Amino acid sequence: MRVLIATAVASVLGSTVAFAGAAVAPGEVKFDNGTVAASLTGVAGDAAEGRVVFANRKLGNCLACHTNTQIPEESFHGQVGPTLDGAAGRWNEAELRGIVSNSKMTFEGTIMPAFYVQSGYFRPIEKFDGVSILTAQQVEDVVAYLMTLK
Amino acid sequence: MGMNLFKTTAAIAGLALMGTGMATAGEESALTINGDLTIPTSASAPAHLENIDMVTSGWIYRTKETQALQMDDFDNPSFVFVDVALDLWDKVDGSEGKACSSCHENGPEEFAGLTASMPRINAEGQLETTTELVNECRTERMGAEPWKYSKGKMAAMTSLIGLQSRGSVVNVAIDGAAAPYWEKGKELYYTRVGQLDMSCSNCHEDNYDVMIRADHLSQGQINGFPTYRLKNAKMNTTHARFKGCMKNIRAKPFGQGSDEFKALELYVASRGNGLTVETPSVRN
């Protein structure tokens, strides 16, 4: 249901996001069976920056739920989700972009937050109302970082 | 179709992880206090719980060091606050010139078992909490100002009252006039909220006994409340804890003492029917 609605919305709005330099807004991201083929920004992701976003508690905080042996300097890795060791061997870039942007498109009913949506959630604290957890470029950076996890 | 395939892959990866790296509960599994009061820390789940077989106390998920603090009242920092409440118990306040002890002549012991059945339905058919009972005495019988719902004096007094039920089995009523409140609480428990879009059940039902970064997730039971937390070095009420969990998922918390949190308190308490009251407990 959610998938259908999002796809429909994306295809209506899809035409407006093609011009160079503008990031695709959350809600305009075009999902195809959970995957997002096109870059959200047109700017290549920075894997080093993505590693920072991945670990930072105020940004991705991916370590809250995932272990990742490539980040040994952080002592606490959560175990709510699967390990991300070798993630790039299991998923391609379009799949990873889809999972990070809105994992509910890939894993129905998952606990994993959608990092690039700005609506569809209820009672947010005011300063998080109408904004996505990560920016488009941060999503690209995290995806670039995940692609290094061979 | 593609979606199902992905889901299965992830589930298998998750399983493999569970097999090797699953967090273990604290080393002590039997809670004996002062060498003589043994408190069972698990029980068969109440019949209304559909997705859990055993209910467990938050105590078993804490480290050995934190667990030990609750095993001796001299080491348990909560008792500093229980002593504060004992002083308040005798303190005259308000226009009527009364203290708690003026009416409750047998001492706080009069409240043995009370906390194990709270919150409950009052004579007017409404849900009431221990906190509200205390404030009702203050405003209507003492002519005193109500205490703030979750602040120091109230948290101390409800700890003293809760202590009188330590060792009693939790048994809140969920039928009759309580049913609509309970249904509302249940709905809140399973509703996803906040920018992170999670429900209480996502963490405390689907993922208890799992590490979420540095935290070992428990079932989020309230049989130990109010609880002393090492994190803020004071007594924490149920509503303050609910607020904290909601803020962590970037959700706007309901008010302390609000209808929503009272209903949630009833529902969460009922998930622990069969567990034993541990108040005042120690957590990190």
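Everything here concerns the structure above.
Keep in mind that what you see is a predicted model, and the values were worked out from it rather than measured.

Explanation requested: the overall build of chain B in the structure shown.
When helices and strands are tallied, chain B shows 10 helices and 11 strands. Residue pairs in contact within chain B that sit at least 24 positions apart in sequence constitute 68% of those at least 6 positions apart. For chain B, the accessible surface area stands at approximately 13000 Å², while carbon and sulfur atoms represent 53% of it.

Can you help me understand the interface of chain A and chain B in this one?
Accessible area lost on assembly of the parts is the figure often given for the size of an interface. The interface of chain A with chain B comprises 39 residues on the first partner and 33 residues on the second. Roughly 3300 Å² of surface becomes buried between chain A and chain B when both sides are summed, with 60% attributable to carbon and sulfur atoms. The largest contributions to the chain A side of the interface with chain B come from Gln79, Ile111 and Arg123 of chain A, which together make up 23% of the buried area. If you look at where chain A meets chain B, you find two salt bridges. Across the salt bridge formed by Lys104 of chain A and Asp197 of chain B, the nearest N and O atoms sit 2.8 Å from each other. Our enumeration of links across chain A and chain B arrives at 15 residue pairs in polar contact (both at pLDDT 80 or more). Split by residue class, the side of chain A that touches chain B holds 20 nonpolar, 12 polar and seven charged.

Looking at this structure, how should I read the nonpolar core?
If you look at soluble globular proteins, the nonpolar side chains tend to sit buried side by side. Among the nonpolar cores identified, the biggest contains 66 residues, and Leu40, Phe54 and Leu146 of chain A are the most heavily contacted of them. Elements with a contribution of two residues or more to this core: α2 (47-55), α4 (93-102) and α5 (136-146) of chain A together with α7 (179-190), α9 (238-248) and α10 (259-271) of chain B. Non-local contacts of Phe54 of chain A, meaning those with residues more than four positions away in its chain, are made with Gly60, Asn61, Cys62, Leu63, Asn68, Ile71, Leu84, Val142, Tyr145 and Leu146 of chain A.

I tried to follow the pattern of salt bridges on my own but got confused; where do I start?
Pairing between side chains becomes possible if they bear opposite charge and their charged atoms approach one another. Under the criterion given, the structure shown has 13 salt bridges over all chains. Where Arg166 of chain B meets Asp73 of chain B, a salt bridge forms, and the shortest distance between an N and an O atom there is 2.9 Å. With Arg166 of chain B in the loop between α6 (152-163) and α7 and Asp73 of chain B in the loop between α2 (64-69) and α3 (78-89), this pair connects stretches of sequence that are 93 residues apart. Judged on exposure class, the residue Arg166 of chain B and its partner Asp73 of chain B are both buried. Put simply, Glu93, Arg97 and Glu140 of chain A are held in one network by salt bridges that share partners.

What is the right way to look at α10 of chain B in this model?
Spacing of three or four residues puts side chains on the same side of an α-helix, whose turn is 3.6 residues. All names here are of chain B. For α10, built from 13 residues, the straight-helix expectation of 18 Å at 1.5 Å per residue is met to within 8% by its first-to-last C-alpha distance of 19 Å. Of all 13 residues that make up α10, 11 are buried, and the element is covered over most of its length. Turning to α10, its buried residues number three or more, namely Phe261, Lys262, Ala263, Leu264, Glu265, Leu266, Tyr267, Val268, Ala269, Ser270 and Arg271.

Sorry, what's going on with the packing of α7 of chain B against α10 of chain B here?
The axes of two packed helices give the description: the angle between them and the distance between them. Residue and element names in this part refer to chain B. Closest axis-to-axis distance for the α7/α10 pair is 7 Å, and the angle between their directions is 90°. By the criterion of interaxial angle, the relationship of α7 to α10 is roughly perpendicular. Every residue of α10 that contacts α7 at Tyr181, Trp182, Lys184, Gly185, Lys186, Leu188, Tyr189 and Tyr190 is listed here: Asp259, Glu260, Ala263, Leu264, Leu266, Tyr267, Val268, Ser270 and Arg271. Looking at the contact of α7 with α10, its residues break down into 10 nonpolar, two polar and five charged.

Criteria and cut-off values
- Residues numbered from 1 in each chain as written.
- Chains lettered and ligands numbered in written order.
- Predicted model: local features only at pLDDT ≥ 70, side-chain atom pairs only at ≥ 80, totals over all residues.
- Heavy atoms only, no water.
- Helix = DSSP H or I, 4+ residues; strand = E, 2+ residues; numbered from the N terminus.
- Contact = heavy atoms within 4.5 Å.
- Areas by Shrake-Rupley, 256 points an atom, 1.4 Å probe, with all protein chains shown as cover.
- Buried area = accessible area lost by both parts, 1.4 Å probe.
- Salt bridge = Lys/Arg side-chain N within 4 Å of Asp/Glu carboxyl O.
- Polar contact = N/O pair within 3.5 Å; in protein donor to acceptor, adjacent residues only side chain to side chain.
- Nonpolar A, V, L, I, M, F, W, Y, C, P; charged D, E, K, R; others polar.
- Core = buried A, V, L, I, M, F, W, Y, C linked by side-chain atoms within 4.5 Å.
- Buried < 20%, exposed > 50% of the residue type's maximum accessible area, 1.4 Å probe, protein only.
- Expected span 1.5 Å × (residues − 1).
- Axes fitted to C-alpha atoms, helices over the stretch in contact; angles between N-to-C directions.
- Parallel < 35°, antiparallel > 145°, perpendicular 65-115°, else oblique.

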